[in-house]
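So the chains spell out like this:
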Amino acid sequence: MNNPVIGILFILCAGALLATHDGFSKYLTAIYPLALVVWLRYTVQTVLMIILFGPKMKLDLVRTKRPWLQLLRGLCLLGISGLFIGGLRYIPLAEATAVMFLAPLIVTVLSAIFLKEQISLGQWVAVVIGLCGVLLVVRPGGALFTWAILMPVAASFCFGSYQLIARRLASFDHTVTSNFLSGLIGTIALTVIMPFVSVEVQPAGWDLLFLLILGALGMVAHMLLTIALKYASAATLAPFTYGQIIFAALIGVFAFDQSPDLLAWGGVAIIIGSGILVAWLQRRNA
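Everything numeric here is computed off the predicted structure, so don't read it as measured data.

Asker: Looking at this model, I keep getting lost on the overall build of the protein. Mind explaining?
Answerer: For the protein, the count of helices and strands is 12 helices and zero strands. Order of helices (α) and strands (β) in the protein, N terminus to C terminus: α-α-α-α-α-α-α-α-α-α-α-α. Rg of the C-alpha trace for the protein: 18 Å, near the compact-globule value of 19 Å for 286 residues, within the 12% margin. When its C-alpha atoms are laid out on the principal axes, the protein stretches across 50 × 45 × 35 Å. In the protein, buried positions account for 49% of the 286 residues. Long-range contacts, defined here as pairs at least 24 residues apart, represent 89% of the contacts in the protein between residues at least 6 apart. Counting 16 positive and 9 negative side-chain charges, the protein places the averaged centre of each group 15 Å from the other.

Asker: Looking at this structure, I do not really get the packing of aromatic side chains. What am I missing?
Answerer: Within a pair of aromatic rings, the relevant descriptors are the distance that separates the centres and the angle that separates the planes. In the structure shown here, the tally under the stated rule is seven aromatic pairs. Residues tryptophan 206 and phenylalanine 210 carry aromatic rings whose centres are separated by 6.0 Å and whose planes lie at 35 degrees to one another, so their mutual orientation is tilted. You can see tryptophan 206 and its partner phenylalanine 210 sitting in helix α9 (residues 205-231), four residues apart, about one turn around the helix. Overall, tryptophan 206 belongs to the exposed group, its relative accessible area being 63%. With a relative accessible area of 18%, phenylalanine 210 lands in the buried category. Every member of this aromatic cluster is reached through a ring pair, and the members are Phe24, Tyr27, Trp206 and Phe210. Taking the ring centre of tyrosine 42 as reference, the NZ or CZ of arginine 41 above it sits at 4.9 Å.

Asker: Can you help me understand the pattern of salt bridges in this one?
Answerer: Any two side chains of opposite charge can pair, given that their charged atoms come close. On inspection of all chains with the given rule, the structure shows one salt bridge. The shortest N-O distance in the salt bridge between aspartate 60 and arginine 63 comes to 2.3 Å. Overall, aspartate 60 belongs to the partly exposed group, its relative accessible area being 39%.

Asker: Got a minute to help me understand the environment of alanine 269 in this structure?
Answerer: Along the chain, alanine 269 falls in helix α12 (residues 262-285). Between the alpha carbons of alanine 269 and cysteine 13 there is a distance of 21 Å; along the sequence they are 256 residues apart.

Asker: Is there a simple way to explain the UniProt feature "domain: EamA" (unreviewed entry) in the protein in this structure?
Answerer: Those residues carrying the UniProt feature "domain: EamA" (unreviewed entry) are residues 6-138 and 147-278 in this numbering. When the span residues 6-138 is considered, its composition is 80% helix and 0% strand, and the gap between its end C-alpha atoms is 35 Å.

Asker: So what exactly am I meant to see when it comes to the environment of glycine 183 here?
Answerer: Tracing the backbone shows glycine 183 in helix α8 (residues 175-193). In this structure, the C-alpha to C-alpha distance between glycine 183 and arginine 168, residues 15 residues apart in sequence, is 18 Å. What glycine 183 contacts, discounting residues up to four positions off in sequence, is Tyr42, Gln45 and Thr46.

Asker: How do you make sense of the side chain of arginine 41 when you look at a structure like this?
Answerer: Mapped onto the secondary structure, arginine 41 falls in helix α2 (residues 34-57). At 7.7 Å, aspartate 22 is the nearest oppositely charged side chain to arginine 41, a buried residue that forms no salt bridge. When sequence neighbours within four positions are dropped, the list of residues in contact with arginine 41 reads His21, Leu214, Gly215, Gly218 and His222.

Asker: What is the right way to look at helix α6 (residues 121-138) in this model?
Answerer: In this model α6 runs 26 Å from its N-terminal to its C-terminal C-alpha over 18 residues, within 8% of the 26 Å that 1.5 Å per residue would give. Of the residues making up α6, those classed as buried are Gln123, Ala126, Val127, Gly130, Gly133, Val134, Val137 and Val138. The buried residues of α6 occupy an angular sector of 130 degrees when projected down its axis, which confines them to one face. Residues of α6 that are exposed and angled more than 90 degrees away from the buried face: Leu121, Val128 and Leu135.

Asker: Help me out: how do you make sense of unusual backbone geometry in this one?
Answerer: The phi angle of most residues is negative, glycine excepted, and most peptide bonds adopt the trans form. Of note, lysine 58 is a non-glycine position whose phi angle comes to about 55 degrees, a positive value. Judged by its relative accessible area of 59%, lysine 58 falls in the exposed class. In this model, aspartate 257 sits at a positive phi of 55 degrees, which is unusual for a non-glycine residue. Within the secondary structure, aspartate 257 sits in the loop between α11 (243-256) and α12. Exposure remark for aspartate 257: the relative accessible area of 70% places this residue in the exposed category.

Reading the values: rules and limits
- Residues take numbers from 1 onward in each chain, read along the sequence in its written order.
- Reporting of local features is limited, given that this is a predicted model, to residues whose pLDDT is at least 70; pairs of side-chain atoms are given and counted only at 80 or more, and all residues count toward the totals for whole chains, interfaces and linings.
- Working from all heavy atoms in the structure, the side-chain values ignore hydrogens and water.
- Numbering of helices and strands runs from the N terminus, with a helix taken as a DSSP run of H or I at least four residues long and a strand as a DSSP run of E at least two residues long.
- To get the radius of gyration, use the C-alpha atoms; to get the globule rule, take the number of residues to the power 0.38 and multiply by 2.2 Å.
- Think of it in three bands: with a 1.4 Å probe and only protein chains considered, a residue is buried below 20% of the maximum accessible area for its type, exposed above 50%, and partly exposed in between.
- Contacts between residues were defined by any pair of non-hydrogen atoms, one from each residue, lying within 4.5 Å.
- Positive charges come from Lys and Arg, negative ones from Asp and Glu, while His and the chain ends are left out of the count.
- Where a charge lies is defined by one atom per residue type: Lys uses NZ, Arg uses CZ, Asp uses CG and Glu uses CD.
- Planes of paired rings set the category: under 30 degrees apart is stacked, over 60 is edge-to-face and the rest tilted, where pairs are Phe, Tyr or Trp rings (Trp by its six-membered ring) whose centres lie within 6.5 Å.
- Lysine NZ or arginine CZ positioned within 6 Å of the ring centre and within 35 degrees of the ring normal marks a charge as sitting over the ring.
- Should a side-chain nitrogen of Lys or Arg be within 4 Å of a carboxyl oxygen of Asp or Glu, the pair is scored as a salt bridge.
- UniProt positions are given in the numbering used here, feature names are shortened, and annotations may be inferred rather than shown by experiment.
- Helix span is expected to be 1.5 Å times the residue number reduced by one.
- Taking the helix axis as origin, the arc is that swept by the directions to the C-beta atoms.

And the structure:
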């Protein structure tokens, strides 16, 4: 199925859902423990996937040819959630999201180191440009230049590793299986520590609904990303994944009264440009 317009619409919808997910997460972690928020997010996703895909796939839902890679992928996803959502307590949504989009550049570096892929000079230039964009967003001496910015930076490294592992697993396991196992691993890991988490305020009313919605938003967004790739190539869709930053900025303005300044927007534009350049060079080289 080759229909780039439909693929682009799916990728934009996924970006809007992920930005909404992050907005809810930012609000909820200001009230409830981070571990509780992330645990409920994964638990709801796991239960929903069992209900939706379990009857048809049965044991194929958990059958994998690369269990250790799946475990590593699940731990990377857990690291993304914990570090990024934790960072949202201190960092505005748009700026944190922009830093997370270092991931495509990190994938380029990790591919060269671990997969021994040939990286062109243009791709290395794009990586350096992207780092300059992050420096504009963070700005040494600025309000965001604190220890907290290290959390979305570390999350972007986890995201890059996650993408690299996902690329390897695509040849072995079903996409639904990989998504389910990642959520299951996060659920099990956090269930172990939940007895030691102190919850001073019990979730109720709208907050409880938001906590339950998180898992559904994450699951639907990732499924939309998968469906989008059936209609268009990753290189075609890459520029539109950055729409998530725009959606995050809008949520930041209307929900949290936080808006990037002009220099930060300049950094965002540079990060987007460098990511698109990497995708274009990869497509040309292929």
